[in-house]
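Given next are the chains, with one letter for each unit.
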Amino acid sequence: MKPTITNELLDELLKNYSQPGDLLGPEGLLTELKKRLINRVLDSELTTHLGYDKHQSPPESAAAGQPNARNGHSSKTLRSDDGKLAIKVPRDRNGDFEPTLVPKHRREFNGFDECIVSLYSRGLSVREIQQHLLEIYKVEVSSALITNATDAVIEEVKAWQNRNLDTVYPIVYFDAIVVKIRHEGKVTNRAIYLALAINLEGKKEVLGMWSSENEGARFWLAVASELKNRGLQDIFICCVDGLSGFAQALEAVYPKCRVQRCIVHQLRNSLKFVNWKERKQIAADLKTIYAAPTVEAARIALQAFRSTHDAKHPAIGRSWAAHWEQLTPFFHFPPEIRKIIYTTNAIESLNSSFRKISRHRNLFPTIDSLFKLFYLSLKNISAKWTMTIHNWPSALSYFTIEFSDRIPNNQ
């Protein structure tokens, strides 16, 4: 039931009010009222625990032996949204009273931990969080408190990483972001691999995050096997940036999956060999390959490109020819959905967000600290993924026909 606050009560509370600080300041009415209410509730909780009120005799059931009784108060300072709150926690003689409103060892009140986690998830460093809380709430917090508050999500990260997945994802993108990690006393660059999927509804979903010192077929086999153990039984198309050993490992676990090498990454790698004056022309000539109407027309365009540019830039044509089988699967699909398939732009956008969030941290002390930040940040990022990806109805229509026997409930 909603409590009734009469005008007479408000008049009584505000009779000495003269300026905003009297109401909202650190020693103002609202802070004092909150402290008094907390103390009153704690006293009521002890009364319930003991079974009798102050100045009353213990109930007959407690008469045998020495009954439990009140045993004074202990002082405690809480950090809250309104600053520090000095309260008095009642004690009982037996020492078995467990307050509910402010549990033992609890030093925060009113979602203070949630505030710390929210700031951390937006990329603020521990020092920046300390400064923010001091400026806004006039509360000094230790780095250990911030670490403990954010470490509470580590188990949540593990549960998320091991959650059940859909049985089918039409498209999965794999890519990596490189960060600096302190490992065994040394600072090393560590690749964090992410899998971003498009589900049957056309919505984006991050399937997981992994890290390994050595990328290769064995590592990717473990990743693919983990996805399958979590319920993912089929992938139509995987788009990747030439990850070492990926294609072989994926074929072993998902033999029907088509692996598409990212065209955008291929273009960037090609243009590294070209000076800035020539890049515009080379990029236009390369576009005739991936924008061709058919795979055969693309092959002819590659031959024309090599006859023109091999003399000066032989590495470009050689690279396209060497990876031709993985660069061309998207030609089997209608032109309006090819771009969905041949570029990892979706996951690169996610990685860009992660880079912005982690830019204040030159070094992560552990892999867990990195995963903790990325997971919390992902919750904020994915909350904005409310729309289906562009041209998804056309893509789904094609997939429903092309992979009719592989789509659940499409028999």
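Residues numbered from 1 in each chain as written. Predicted model: local features only at pLDDT ≥ 70, side-chain atom pairs only at ≥ 80, totals over all residues. Heavy atoms only, no water.

## Here's the deal with the overall build of the chain
And then number 1: Per the secondary structure count, the chain includes 18 helices and seven strands.
And then number 2: Across the 411 residues of the chain, 44% fall into the buried class.
And then number 3: Here the analysis covers contacts within the chain between residues at least 6 apart in sequence; of these, 64% occur between residues at least 24 apart.
And then number 4: Summed over all atoms, the accessible surface of the chain reaches about 22,900 Å², with 51% contributed by carbon and sulfur. (Helix = DSSP H or I, 4+ residues; strand = E, 2+ residues; numbered from the N terminus. Buried < 20%, exposed > 50% of the residue type's maximum accessible area, 1.4 Å probe, protein only. Contact = heavy atoms within 4.5 Å. Areas by Shrake-Rupley, 256 points an atom, 1.4 Å probe, with all protein chains shown as cover.)

## Some words on the sheet that holds strand S7 (residues 258-261)
And then number 1: If you trace the five strands from one edge of the open sheet to the other, you get S5-S4-S3-S6-S7, paired in mixed fashion. Both edges of this open sheet fall to strand S5 (204-211) and S7, since each of them pairs with a single strand only. Shown here is a sheet whose adjacent strand axes are inclined to one another by a mean of 25°, direction ignored.
And then number 2: Where helix H8 (residues 217-229) meets the sheet, its contacts fall on strand S3 (168-183), strand S4 (186-198) and S5, and the angle it forms with S5 comes to roughly 140°. (Pairing = 2+ DSSP bridges. Axes fitted to C-alpha atoms, helices over the stretch in contact; angles between N-to-C directions.)

## Description of the packing of aromatic side chains
And then number 1: Tallied over the full model, the rule gives 17 aromatic pairs.
And then number 2: Ring geometry for Phe 174 against Phe 246: centres 4.9 Å apart, planes inclined by 55°, an arrangement best described as tilted. On the criterion of sequence distance, the pair formed by Phe 174 in strand S3 and Phe 246 in helix H9 (residues 246-253) is long-range, its members being 72 residues apart. The burial state of Phe 174 is the same as that of Phe 246; both residues are buried.
And then number 3: With centroids separated by 4.2 Å and ring planes inclined at 5°, the aromatic side chains of Phe 354 and Phe 374 adopt a geometry described as stacked. With Phe 354 in helix H16 (residues 345-358) and Phe 374 in helix H17 (residues 367-382), the pair connects residues that are 20 residues apart, well separated along the chain.
And then number 4: By way of ring pairs, the aromatic residues Phe 236, Phe 333, Trp 392, Tyr 398, Phe 399 and Phe 403 are connected into one cluster. (Phe/Tyr/Trp six-rings, centres within 6.5 Å; stacked < 30°, edge-to-face > 60°.)

## Considerations on the pairing of S5
And then number 1: When you tally the buried positions in S5, you get six out of eight residues, the bulk of the element.
And then number 2: In this structure, S4 lies alongside S5, joined through seven bridges in antiparallel fashion. Among the inter-strand pairings, Leu 194 is bridged to a residue of S5, identified as Met 209.
And then number 3: Counted between consecutive antiparallel strands, the loop separating S4 from S5 contains five residues, among which Gly 202 sits at a positive phi close to 80°.

## Observations concerning the nonpolar core
And then number 1: In terms of nonpolar packing, the biggest core is built from 69 residues, with Ile 289, Trp 320, Phe 374 and Phe 399 touching the most fellow members.
And then number 2: In terms of residue count, H17 provides more of this core than any other element does, eight residues in total.
And then number 3: Once residues within four sequence positions are removed from consideration, Ile 289 is found in contact with Ala 298, Ala 301, Leu 302, Phe 305, Trp 320, Trp 324 and Phe 331.
And then number 4: Counting residues in each nonpolar core, the second largest holds 27 residues, with Tyr 193, Val 223, Ala 249 and Leu 250 among its members. (Core = buried A, V, L, I, M, F, W, Y, C linked by side-chain atoms within 4.5 Å.)

## Description of the pattern of salt bridges
And then number 1: Counted under the stated rule, the structure contains 11 salt bridges.
And then number 2: Across the pair Asp 310 and Arg 306 runs a salt bridge, and its minimum N-O distance is 2.9 Å.
And then number 3: Residue Asp 310 is classed as partly exposed on the basis of its relative accessible area, which comes to 22%.
And then number 4: For Arg 306, a relative accessible area of 27% gives the class partly exposed. (Salt bridge = Lys/Arg side-chain N within 4 Å of Asp/Glu carboxyl O.)

## Topic: unusual backbone geometry
And then number 1: A positive phi angle is found at Asn 391, which is not glycine, with a value near 65°.
And then number 2: You can see Asn 391 is positioned in the loop between H17 and helix H18 (392-402).

## Thoughts on the environment of Leu 42
And then number 1: In this fold, Leu 42 is placed in helix H3 (residues 29-50).
And then number 2: Linking Leu 42 and Glu 98, residues 56 residues apart in sequence, is a C-alpha distance of 9.9 Å.

## Concerning the side chain of Thr 343
And then number 1: Looking at where Thr 343 falls in the secondary structure, it is placed in the loop between helix H15 (335-342) and H16.
And then number 2: Setting aside its immediate chain neighbours within four residues, Thr 343 contacts Tyr 173, Cys 239, Cys 262 and Val 264.

## Quick look at the pairing of S7
And then number 1: As defined by bridge partners, strand S6 (residues 234-240) adjoins S7 across four bridges and the pair is classed as parallel. Bridging across to S7, Val 240 finds its partner in Arg 261.
And then number 2: Read from S6 through H9 to S7, the crossover connection turns out right-handed. (Right-handed = clockwise from strand over helix to strand, strands pointing away.)

## Points about the environment of Gly 242
And then number 1: Mapped onto the secondary structure, Gly 242 falls in the loop between S6 and H9.
And then number 2: A residue is classified by how much of its surface remains accessible, and Gly 242, at 33% relative accessible area, is partly exposed.
And then number 3: C-alpha separation for the pair Gly 242 and Asp 175, spaced 67 residues apart in sequence, amounts to 9.3 Å.

## Topic: the packing of helix H11 (residues 276-290) against helix H12 (residues 295-309)
And then number 1: At a minimum axis distance of 7 Å, the contact between H11 and H12 shows a crossing angle of 155°. Comparing their axes, H12 and H11 come out roughly antiparallel. Every residue of H12 that contacts H11 at Ile 282, Asp 285, Leu 286, Thr 288 and Ile 289 is listed here: Ala 298, Ala 301, Leu 302, Phe 305 and His 309.
And then number 2: The residue makeup of the contact of H11 with H12, split by class, is seven nonpolar, two polar and one charged. (Parallel < 35°, antiparallel > 145°, perpendicular 65-115°, else oblique. Nonpolar A, V, L, I, M, F, W, Y, C, P; charged D, E, K, R; others polar.)

## What about H9?
Every α-helical turn comprises 3.6 residues, leaving residues that sit three or four positions apart pointing alike.
And then number 1: For H9, the full list of buried residues reads Phe 246, Ala 247, Ala 249, Leu 250 and Val 253. Relative to the axis of H9, the buried residues are bounded by an arc of 165° and lie together on one face. The outward face of H9, more than 90 degrees from its buried face, is lined by the exposed residues Gln 248, Glu 251 and Ala 252.
And then number 2: Next to the buried residues of H9 lie S3, H8, S6, S7 and helix H14 (324-327). (Arc of directions from axis to C-beta.)

Don't take any of this as a statement about function, it's just geometry.
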